[in-house]
Amino acid sequence: EPCKMSKGKATRSSTATSSTPAPVPAISNDILPGRFTEHEWNTLVELEDGEELVHDLVDTIVNGVLNVIHERHMDENLVPFSLGWAEQMMEDVINWQFLTHDPGECHTDPADWEADEEPIRPPLDSWGRGSVPSRIIELPVEEAQTEAEEAEKTKHVAQQDERSS
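Residues numbered from 1 in each chain as written. Predicted model: local features only at pLDDT ≥ 70, side-chain atom pairs only at ≥ 80, totals over all residues. Heavy atoms only, no water.

1. Focus: the overall build of the protein chain
Phase 1: The number of helices and strands found in the protein chain is 3 helices and 2 strands.
Phase 2: Element order for the protein chain, N to C, with α for helix and β for strand: α-β-β-α-α.
Phase 3: For the protein chain, buried positions account for 1% of its 165 residues.
Phase 4: Summed over all atoms, the accessible surface of the protein chain reaches about 17,100 Å², with 59% contributed by carbon and sulfur. (Helix = DSSP H or I, 4+ residues; strand = E, 2+ residues; numbered from the N terminus. Buried < 20%, exposed > 50% of the residue type's maximum accessible area, 1.4 Å probe, protein only. Areas by Shrake-Rupley, 256 points an atom, 1.4 Å probe, with all protein chains shown as cover.)

Shown next as structure tokens:
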């Protein structure tokens, strides 16, 4: 029986070698095929991370310095500002307590109290909403009468047309 087993194994292996394996597709690590590889991508990401770290460090340092400068500015100006504010408040209270009499206007001319003339109308703004420039053309009297008669005739004809319809 040991011979049969070895014979069966040999048969199986001969059938397995007779089939051809499928070709393995080439694995591409390109982000943009032919232009941008995964290695180039990783290099850019590392550079960007380094730049972000430096930016964060500079931002932290600058903000710390600005906070110190602001605190010193506030400490230096606190007393002068407070004294100026308190002085102004005391002056206001004293002025309210001792109001002075207003004598009014002396020796005024009555013409100063008259109303002013109405100003002239400004020109229309061509960009203004609803503004349509118009011109009034004055016709000689004869032309104006003939145009008025023609307008009256057309009005009369239009009224007759409406009645007949």
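Read on for the rest.
2. Focus: helix α2 (residues 38-97)
Phase 1: Relative to the 88 Å expected for 60 residues at 1.5 Å per residue, α2 spans 82 Å between its end C-alpha atoms, a close match to the ideal helical length.
Phase 2: Maximum bend of α2: about 40°, positioned at asparagine 77, with proline proline 80 one to four residues after it. (Expected span 1.5 Å × (residues − 1). Bend = angle between axes of the 7 residues up to and from the residue.)

3. Some thoughts on a negative patch on the surface
Phase 1: A cluster of like negative charges, contributed by Glu46, Glu48, Asp49, Glu51, Glu52, Asp56 and Asp59, occupies part of the molecular surface.
Phase 2: Turning to its location among the elements, aspartate 59 is positioned in helix α2.
Phase 3: Accessibility expressed as a relative area gives 38% for aspartate 59, which makes it partly exposed. (Patch = residues over 30% accessible without salt bridge, like charges linked within 9 Å, V, L, I, M, F, W, Y side chains within 5 Å. Salt bridge = Lys/Arg side-chain N within 4 Å of Asp/Glu carboxyl O. Lys, Arg positive; Asp, Glu negative; His and termini not counted. Charge placed at Lys NZ, Arg CZ, Asp CG, Glu CD.)

4. Points about the confidence of the model for the protein chain
Phase 1: Taken over all residues, the pLDDT of the protein chain has a mean of 80, while the share at 70 or more is 80%.
Phase 2: Across the protein chain, element-level confidence peaks in α2 with a mean pLDDT of 92 and bottoms out in helix α1 (residues 2-18) with 50. (pLDDT = per-residue confidence, 0-100.)

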